[in-house]
Amino acid sequence: MNAMTRKDTPVSTTATSPKTDPRGAPEDDRIPPLKRFVTAIGVQNISLIIAIAIVVAIIGIQNPLFFTVPNLKVIGTAIAIVGLLAVVQTIVIILGALDISVGSIAGLTSVTSAMIFTSTSSAALGVLGAVAIGVACGLVNGCIIVFGRVNPVIATLATLAAFKGIAQLISDGRAQGYTGADPFFVFLARGTLLGIPTLIWVLVLVAVLAHVVLRYTTIGRNIYAVGGNNIASRLGGININRYIIGVYMVTGAVAAIAGILITARTGSGQPISGSEGLELQAITAAALGGAALKGGKGPSPAPSSPSSCSGCSRTA
Amino acid sequence: MSQDVVALRATGITKNFGPVRALRGVELELRAGEVTALMGENGAGKSTLLKILNGDYRPDGGELIIDGKPVTFGDPADARAAGLRVIAQEPEIIGAVSVAENIFVGDLGRVGYNRRALLRRTREELKRWGLHRVIRADALGSELSPAQRQIVEIMRAVVSRPRIICFDEPTSSLGDEEVSLLFALIRQLQAEGTAIAYVSHRMAEIFQLADRITVLRDGGYVGTELVGETDHDRLVRMMVGRDLSQFFHREPAPLGETVLELRAVGNQFVDSIDLTVRAGEVVGVAGLVGAGRSELMKTIAGDYPVTTGEIVISGKVRRIRQPSDSIRAGIGFAPEERKAEALLLQRSVRDNAALVVLRSVSRWIFVRPRAERALAQDYITRLRIRTPSTEQLVGNLSGGNQQKVVLARWLATKPRLLLLDEPTRGIDVGAKSEIYAIIDELAHQGVAVVVVSSELPEVLGISDRIYVMAGGRISGEVTRAEATEERILALAMDDEVVA
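It should be emphasised that the depicted structure is a prediction, and the values quoted were computed from it without experimental measurement. (Residues numbered from 1 in each chain as written. Chains lettered and ligands numbered in written order. Predicted model: local features only at pLDDT ≥ 70, side-chain atom pairs only at ≥ 80, totals over all residues. Heavy atoms only, no water.)

**Regarding the sheet that holds strand S15 (residues 316-318) of chain B**
Residue and element names in this part refer to chain B. As a reminder, the rule being used: We treat two strands as partners when DSSP finds at least two bridges between them. Helix and strand definitions here come from DSSP, where helices need a minimum of 4 consecutive H or I residues and strands a minimum of 2 consecutive E residues; each element is numbered from the N-terminal end. Fitted lines through C-alpha atoms serve as axes, helices being fitted only where they are in contact, and the angles separating the N-to-C directions of these axes extend from 0 to 180 degrees.
Strand order across the open sheet formed by 4 strands is S12-S11-S14-S15, with antiparallel pairing between neighbours. Edge strands, defined here as strands with exactly one partner in the open sheet, are strand S12 (273-278) and S15. Shown here is a sheet whose adjacent strand axes are inclined to one another by a mean of 20 degrees, direction ignored. With 3 bridges joining them, strand S14 (residues 308-313) and S15 adopt antiparallel strand pairing. Each bridged residue has a counterpart across the sheet, and for Ile311 the counterpart in S15 is Arg318.

**Remarks on the pairing of strand S13 (residues 282-287) of chain B**
All names here are of chain B. What counts, and what does not: Note on classification: 1.4 Å probe, protein chains only; a residue is buried when its accessible area is under 20% of the maximum for its type, exposed when over 50%, partly exposed between these limits.
Across the 6 residues of S13, 6 count as buried, placing the element largely inside the fold. Burial along S13 is two-sided: the residues Val282, Gly284 and Ala286 and Val283, Val285 and Gly287 are all buried. Where S13 and strand S20 (residues 448-452) come together, 4 bridges link them in parallel fashion. Considered in S20, the bridge of Val285 is made with Val452. Direction of pairing for S13 relative to strand S21 (residues 465-470): parallel, over a ladder of 5 bridges. What sits directly across from Gly284, in S21, is Ile466.

**Points about the confidence of the model for chain A**
All names here are of chain A. Let me state the cut-off plainly: A score from 0 to 100, pLDDT tells how confident the predictor is in each residue. Every residue pair with non-hydrogen atoms within 4.5 Å of one another is taken to be in contact.
For chain A, per-residue confidence averages 80 on the pLDDT scale, and residues scoring 70 or more make up 78% of the total. This stretch, residues 1-29, has a pLDDT under 50; its non-local contacts, to residues over four places away or in other chains, come to 50 contacts. With pLDDT under 50 throughout, residues 301-306 is counted as low confidence; its partners more than four residues away or in other chains account for 15 contacts.

**Structural notes on the packing of helix H9 (residues 232-239) of chain B against helix H18 (residues 485-492) of chain B**
Residues and elements named next belong to chain B. For clarity, the cut-off: By definition, turning the near helix anticlockwise from the far helix through less than a right angle yields a left-handed crossing, and turning it clockwise yields a right-handed one. Amino acids are sorted into nonpolar (Ala, Val, Leu, Ile, Met, Phe, Trp, Tyr, Cys and Pro), charged (Asp, Glu, Lys and Arg) and polar (every other residue, Gly among them).
With their axes 9 Å apart at the nearest point, H9 and H18 run at an angle of 115 degrees to one another. Every pair of crossing elements has a handedness; the one defined by H9 and H18 is right-handed. Facing H9, whose interface residues are His232, Val236, Arg237 and Met239, H18 presents Glu486, Leu489 and Ala490. Per-class residue counts for the contact of H9 with H18 are 4 nonpolar, 1 polar and 2 charged.

**What about the sheet that holds strand S16 (residues 331-334) of chain B?**
Residue and element names in this part refer to chain B. Pairing in this open sheet of 6 strands is mixed, and the strands run S16-S19-S20-S13-S21-S22 from one edge to the other. Unpaired on one side and paired on the other, S16 and strand S22 (473-479) mark the two borders of the sheet. Each strand of the sheet is rotated relative to its neighbour by a mean of 20 degrees, with strand direction disregarded. With 6 bridges connecting them, S21 and S22 associate as antiparallel partners. The residue of S22 that forms the bridge with Ile466 is Val478. Across the face of the sheet, helix H10 (residues 293-300) comes into contact with S13, S16, strand S19 (417-421), S20 and S21 while running at roughly 140 degrees to S13.

**Examining the pattern of salt bridges**
Note the cut-off: The term salt bridge refers to a side-chain nitrogen of Lys or Arg lying within 4 Å of a carboxyl oxygen of Asp or Glu.
What the rule picks out here adds up to 33 salt bridges over all chains. A salt bridge links Glu225(B) to Arg234(B); the shortest N-O distance between them is 2.6 Å. On the basis of relative accessible area, Glu225(B) is assigned to the buried category, the value being 12%. Among the salt bridges present, the one from Arg263(B) reaches Glu310(B), with a minimum N-O distance of 3.0 Å. In this pair, Arg263(B) is assigned in strand S11 (residues 258-266) and Glu310(B) in strand S14, connecting sequence segments 47 residues apart. It is possible to trace a salt-bridge network through shared partners that takes in Arg221(A), Arg347(B), Arg350(B), Asp351(B), Glu372(B), Arg373(B) and Glu391(B).

**Quick word on helix H7 (residues 183-190) of chain A**
All names here are of chain A. The condition is simple: The arc in question is traced by the directions running from the helix axis to the C-beta atoms. A 3.5 Å cut-off defines polar contacts: any pair of N or O atoms within that distance qualifies, except that in protein one atom must be a possible hydrogen donor and the other a possible acceptor, and neighbouring residues in sequence count only when both atoms are side-chain atoms.
Regarding H7, the residues found buried are Phe185, Leu188 and Ala189. For H7, the angular spread of buried residues about the axis comes to 90 degrees, placing them on one side. Facing away from the buried side of H7, by more than 90 degrees, are the exposed residues Pro183 and Arg190. Looking at the buried positions of H7, the neighbouring elements they touch are helix H4 (102-120), helix H5 (123-147), helix H8 (198-216) and helix H11 (240-266). Where H7 begins, the side chain of Asp182 points an oxygen toward the backbone nitrogen of Phe184, at a separation of 3.0 Å.

**Quick look at unusual backbone geometry**
We note that Leu194(A) has phi near 55 degrees; this positive angle belongs to a residue other than glycine. Among the structural elements, Leu194(A) can be located in the loop between strand S1 (192-193) and strand S2 (196-197). Residue class for Leu194(A) comes out exposed when judged on its relative accessible area of 77%. Positive phi outside glycine occurs at Arg384(B), with the angle close to 50 degrees. We classify Arg384(B) as exposed; its relative accessible area is 53%.

**Notes on the packing of aromatic side chains**
The condition that has to hold: Planes of paired rings set the category: under 30 degrees apart is stacked, over 60 is edge-to-face and the rest tilted, where pairs are Phe, Tyr or Trp rings (Trp by its six-membered ring) whose centres lie within 6.5 Å. Think of it as a cone above the ring: NZ of Lys or CZ of Arg counts as a charge over the ring if it is within 6 Å of the ring centre and within 35 degrees of the ring normal.
The tally for this structure, following the rule as stated, stands at 5 aromatic pairs over all chains. Pairing Phe184(A) with Phe185(A) gives two aromatic rings, centres 6.0 Å apart and planes at 75 degrees, and the pair type is edge-to-face. Residue Phe184(A) is classed as partly exposed on the basis of its relative accessible area of 37%. Overall, the relative accessible area of 1% leaves Phe185(A) in the buried class. Ring centres of Phe269(B) and Tyr304(B) lie 4.4 Å apart, and the angle between their planes is 35 degrees; on these two criteria the pair is classed as tilted. Here Phe269(B) is found in the loop between S11 and S12, whereas its partner Tyr304(B) is found in the loop between H10 and S14, with 35 residues between them in sequence. Classification of Phe269(B) by relative accessible area gives partly exposed; the value is 32%. Note on Tyr304(B): relative accessible area 23%, which makes it partly exposed. Through successive ring pairs, a cluster of aromatic residues spans Phe117(A), Phe184(A) and Phe185(A). A cation over a ring is seen here: Arg347(B) above Tyr224(A), with NZ or CZ 4.1 Å from the ring centre.

**Section: helix H6 (residues 146-158) of chain B**
All names here are of chain B. Cut-off, in case you're wondering: To estimate how far a helix should extend, the number of its residues minus one is multiplied by 1.5 Å.
Look at H6: 19 Å from first C-alpha to last across 13 residues, which is about the 18 Å you get at 1.5 Å a residue. Taken across its 13 residues, H6 has 11 buried, putting it largely inside the fold. Of the positions making up H6, those classed as buried are Ala147, Gln148, Gln150, Ile151, Val152, Glu153, Ile154, Met155, Arg156, Ala157 and Val158. Residues of H6 that are buried sit in contact with strand S6 (84-87), helix H3 (99-103), helix H5 (115-128), strand S7 (164-168) and helix H7 (176-191).

Dropping the structure here:
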């Protein structure tokens, strides 16, 4: 995960540079407000926001319907699913790993949630069952990485295929069940709360939770530590294996939520069609959002701006 | 033999790394058909000199003369073209290809690739140098033992028939049988008129092989002796004798109970280690590079398993299986590789200082930012860490301040035993003396401290008692009163223990 070599001692020339240290530097008062604003958001995020603004402007000029409320809702719901996966992928990347299997887990849980719902006609059981399966998938990933000593990319590449295969197998390769008549699934797919679509609420909830955990808790701090320097973390008494397995289980759970949302949106369980390729979109969004792929560094807020960027261009 | 032909002469070689003067005016003369041993303590400048000969570094001053003509090397290819080969101590071996391909790796592009001819040529060469019994030409690089890897590296050099060969501690990874094969090979090279430089710490080897011995100390040239006119003691005296006054002298603290006791502790790295440390005591661990000192520290810290013997902490036998066990037992460990193994360079001073005690500044799972910042600020003040604030990234601090952050992290755990592996490596003189003062203060507060150091004057200056290690064992124990550099170096180069 981390292979720093010992080099010459650095000279603290950048010690007072405000860009490397926007929070605590005593020079804060002397920085002009615009610059402070830019550093607070982060330079790379500024460029993303500008990019989104340009894309939105061009599309808006060409198609006057773009700025209508219904269309904005469509965009919101379109980014919700990939946004969810991007949020958890950010956590995995900060830990210094990668989870390529999230799309497959979403597909598998989409099918199983619909099938459980169809056979029990209980939405709650469908949701709980899907989340349990997602957690189990994450546990499998984590155990392969920790106990099999397999590189996370290789491990989840393998389970990407495996989970997809299981989804195909239990669904016979077809869409399963029908949830379009159940009030709960309909609420998930098309309902609103305070005028905002439920899908967006789910994304916001997960993103805020992830942010709080990463930023304000011992768990989050140890995730940064493990990703930043796993040897130092181990010598510091952190149980690295527990963190790896735990993060993959959480990732599985969130992927399951994404799978349930796919089911809700399409009205049936989709083994592949709703989830294929989501893993790459999620990783791309996390990386654009500022997570350093070598671990230990990354933003805690949801990387929603890049996912909205890709969301805009796809719905247009 | 053409004994009197000087094949290589290096005069007044100087090399600086920033403010550090690694070499100042080093002389070396290698004669055709002779073995010249190069000796000196850790950090005397042997490796730097070899890197200059290999073309890795350019000297800042001085002259290299080969066969009477001055030469300058821009890279290792130039050195090879001049007929000079330096054999690396830790060779790079390509795992996926055969021994033959590994040996001729630099020539394959030029001569074309014919696997059969390559294997035949490799077998001939191995036979010529008497090594065909210990290594197969078609064995894969990944199957090789450390000794065989070293042999491949040696073969890489000798197949090009260089006129000058430099060996850098070639026997450190070899067993007895391979050592005698290597010596036969060196004799053969010698008979063919090759000039040989031989770096080693092992006195017995040097007296067996060398014709002349050149001694370096602190980057300077001490002298060259003919092997028939010198002895062990004289060489040790030449290697030591640094000015001790620049180092810290401390008043020993009153000793308390025995905090750490190792009873015949052993594993794959160290063997039957007996060691005790008392509260208030500073115990030094000396030894040459590769003697197993860092491995011993990591064993006590729980990063390597203990397979035999037991660790007793404050009178209780403790089973330490992982670092968290040793932390719970009150042990703090600052490893040698500060950046690779201790610091989160991308995180703040606050984060780094609180890493191990994060729970104590948290309520349930929530970190209390104010308590955490207060903790970091407390140690910034106490250890005089020079940083603009608690939020500065540790990667932006100087080496000495980074080391203080590591110390802060462990002091925050209120340890009863601190293991410090090379605590002053790569930091400037001012920060060094501050670290010595911190160690001294800790001892007076009743903390037991173990300091591993390759700098003998440092070990002598701060330790109440010194263990010397060689070949994964403790080769001797010396009290402060009887400790001299000569004595420690003699124990560190204890050939009986090594062999």
